[in-house]
Amino acid sequence: MSPQQLSPSVRRVAIVGGARIPFARSDGPYATTSNQQMLTAALDGLVERHGLDGPGVVGEFVAGAVLKHSRDFNLARETVLGSKLHPSTPAYDIQQACGTGLQAVIAAANKIALGQTDSAIAGGADTASDAPLGVNDALRRILLEARRAKTPGGRLKALAKVRPGHLVPDIPRNAEPRTGLSMGEHAAVTARAWGIGRAAQDELAATSHQRLAAAYERGFFQDLVVPFRGLARDQNLRPGSTVEKLAALKPVFGLDHPEPTMTAGNSTPLTDGAATVLLASEDWARERGLEPLAYLTAYETAAVDFVGGDVAGGEDGLLMAPAYAVPRMLERAGLGLDDFELLEIHEAFASQVLATLAAWEKRGLGTVDRARLNVAGSSLATGHPFAATGARIVATLAKLLAERDAPARGLISVCAAGGQGVTAILERA
């Protein structure tokens, strides 16, 4: 498409609906389920609920996964071909660690805003149960040497180098390549740097479970969650969670310091799941009799030097990029935190949420009213299938805004591995 063919004005991008499968703890109900199977189930739920089958109905599908097998190299397109979405629908993959789902939404929204398509579906999936196992790198090099050999003798000579130790696979680790620290250990460093205590973390975690349970009880997720493999609710949800129960758990991160504060209860568990979101232009939605839930009006990304931050015990930790992305986004939009009725901060760890709030306050954004934060629960209760979380949050927040009788705004903040952050604003006119 030439520059002259681009739409002369930017169109509003509507969030029309969402569908996801219940999130499950790793090695549980979805232990033998692939990214593609989970993403297909979520996509089919969206197609059925909004009548999206048929050629040309949806402009494209964009999705991704963080933990991908080599067979998932074309995950989005293969998902379309196995789903109820018409096979003529183009698709492509995207990946930005835990920000993948929200970046997929942004990518789809940009094309709608520019008039390059009228509708799109964005989403993501991840399974910690079916994580890929890599061939031992030394064995891989030997096999490549054997493949390059010109004679049978040369191939045998190369293969003769194989030793028992070469048969041990490379297992994925939840660790940053630059530091060797797990995400939990990084979060523990950040918690100490910001002075985040145990009681505050447990309180936030208990509230997340209680609010998610209340949302299920009032039927909020009835048109957002598609039953799958025997689950109708998020498996990690503990409706009876209390600060007292969480206080009894032993710390699991930051044990190299005298007063560790992070436990399995105030940290997000490894999770399997998938989520999707339907986006469209206002005209496309109106023609199909679909009422937009909200509109995506702004987004911003950021990154921090977490190596020089966490390792040195500084404030710019691995998961602190939203502390920079949100202020930039708000300044560009001419808004403050008080202009938002709802805020959704991805709960990778309770300590990370609290550190982000403290950083916003330190940067002059003010204090967030906790009654407006994650009002239907978030990742500590639902779980966190890395690439699926962004789409889950967008659909949840859009519906929460749609329930309100008056115009309202919602803010989204998602931290991601590699010291990155993805943020966005949704508005209900």
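Computed from a predicted model, the values in this text were never measured in an experiment. (Residues numbered from 1 in each chain as written. Predicted model: local features only at pLDDT ≥ 70, side-chain atom pairs only at ≥ 80, totals over all residues. Heavy atoms only, no water.)

Caption draft 1: Layout of the overall build of the chain. A tally of helices and strands in the chain yields 14 helices and 12 strands. For 429 residues, the compact-globule estimate of 2.2 N^0.38 gives 22 Å, and the C-alpha radius of gyration of the chain, at 22 Å, lies within 12% of that figure. For the chain, the residues scored as buried account for 54% of the 429 residues in total. A fraction of 80% describes how many contacts in the chain between residues 6 or more apart in sequence connect residues 24 or more apart. Counting every atom, the chain has about 17800 Å² of accessible surface; 53% of that belongs to carbon and sulfur. Mean positive and mean negative side-chain charge positions of the chain (43 and 45 charges, respectively) differ by 7 Å. (Helix = DSSP H or I, 4+ residues; strand = E, 2+ residues; numbered from the N terminus. Rg over C-alpha atoms; globule rule 2.2 N^0.38 Å. Buried < 20%, exposed > 50% of the residue type's maximum accessible area, 1.4 Å probe, protein only. Contact = heavy atoms within 4.5 Å. Areas by Shrake-Rupley, 256 points an atom, 1.4 Å probe, with all protein chains shown as cover. Lys, Arg positive; Asp, Glu negative; His and termini not counted. Charge placed at Lys NZ, Arg CZ, Asp CG, Glu CD.)

Caption draft 2: Structural view of the nonpolar core. Among the nonpolar cores identified, the biggest contains 47 residues, and L102, L279, I412 and L426 are the most heavily contacted of them. If near-sequence neighbours (up to four positions away) are discounted, L102 is found in contact with G390, A391, V394, I412, V414, V422, T423 and A424. (Core = buried A, V, L, I, M, F, W, Y, C linked by side-chain atoms within 4.5 Å.)

Caption draft 3: Structural view of the pattern of salt bridges. Under the counting rule described, the total for this entry stands at 21 salt bridges. Here E287 ties to R288 by a salt bridge, and the two come within 3.5 Å at their closest N and O atoms. Relative accessible area serves as the criterion here: at 64%, E287 is assigned to the exposed category. Residue R288 is classed as partly exposed on the basis of its relative accessible area, which comes to 37%. Within this structure, D137, R140 and R141 form a network of salt bridges that share partners. (Salt bridge = Lys/Arg side-chain N within 4 Å of Asp/Glu carboxyl O.)

Caption draft 4: Focus on helix α12 (residues 350–362). Helix length check: α12 (13 residues) gives 18 Å between terminal C-alpha atoms against 18 Å at 1.5 Å per residue, within 8%. The element α12 is extensively covered by neighbouring structure, given that 10 of its 13 residues are classed as buried. What α12 keeps buried is the set A350, S351, Q352, V353, L354, A355, T356, L357, A359 and W360. In the segment just after α12, G364 is the residue with positive phi, at about 90°. (Expected span 1.5 Å × (residues − 1).)

Caption draft 5: Expanded view of the packing of aromatic side chains. Considering all chains together, one arrives at 4 aromatic pairs under this definition. Seen in terms of ring centroids, Y216 and F221 are 4.6 Å apart; in terms of plane orientation they differ by 40°. Their pairing is tilted. Looking at Y216, the relative accessible area reads 10%, which means it is buried. Given the relative accessible area of 4%, F221 is considered buried. (Phe/Tyr/Trp six-rings, centres within 6.5 Å; stacked < 30°, edge-to-face > 60°.)

Caption draft 6: Up close: helix α14 (residues 389–402). In this model, α14 (14 residues) spans 20 Å end to end at C-alpha, consistent with the 20 Å of a helix rising 1.5 Å per residue. The buried fraction of α14 amounts to 13 of the 14 residues, a majority that puts the element mostly inside the structure.

Caption draft 7: Representation of the pairing of strand β1 (residues 13–20) within the structure. In terms of burial, β1 is a largely internal element, 8 of the 8 residues being buried. The pairing of β1 with strand β8 (residues 271–281) spans 7 bridges and is classified as antiparallel. Opposite V13, over in β8, you have S281 as the bridge partner. (Pairing = 2+ DSSP bridges.)

Caption draft 8: Representation of a nonpolar patch on the surface in the model. Side chains of V135, L143 and L159 sit close together on the surface and give an oily, nonpolar patch of about 240 Å² of accessible area. Mapped onto the secondary structure, V135 falls in the loop between β5 (119–126) and α4 (137–148). Under the relative-accessibility criterion, V135 is labelled partly exposed at 47%. (Patch = residues over 30% accessible without salt bridge, like charges linked within 9 Å, V, L, I, M, F, W, Y side chains within 5 Å.)

Caption draft 9: Here's a closer look at the side chain of S83. Tracing the backbone shows S83 in the loop between α2 (75–81) and β4 (91–93). Here the side chain of S83 touches V80 through a polar contact of 2.9 Å, landing on its backbone oxygen. Here the side chain of S83 touches L85 through a polar contact of 3.1 Å, landing on its backbone nitrogen. Excluding residues that lie within four positions of it along the chain, S83 makes contacts with T40, L43 and D44. (Polar contact = N/O pair within 3.5 Å; in protein donor to acceptor, adjacent residues only side chain to side chain.)

Caption draft 10: Region of the structure containing the pairing of strand β3 (residues 60–64). β3 sits mainly inside the fold: 5 of its 5 residues count as buried. Burial of the side chains of β3 extends over both faces: E60, V62 and G64 are buried on one face and F61 and A63 on the other. Note: β3 against β5, 5 bridges, orientation parallel. Note that in β5 the partner of E60 across the bridge is A120. Where β3 meets β4, 3 bridges bridge the pair, whose relative direction is parallel. Its bridge partner lying in β4, A63 is registered against D93. Considered for its hand, the β-α-β crossover made up of β3, α2 and β4 is right-handed. (Right-handed = clockwise from strand over helix to strand, strands pointing away.)

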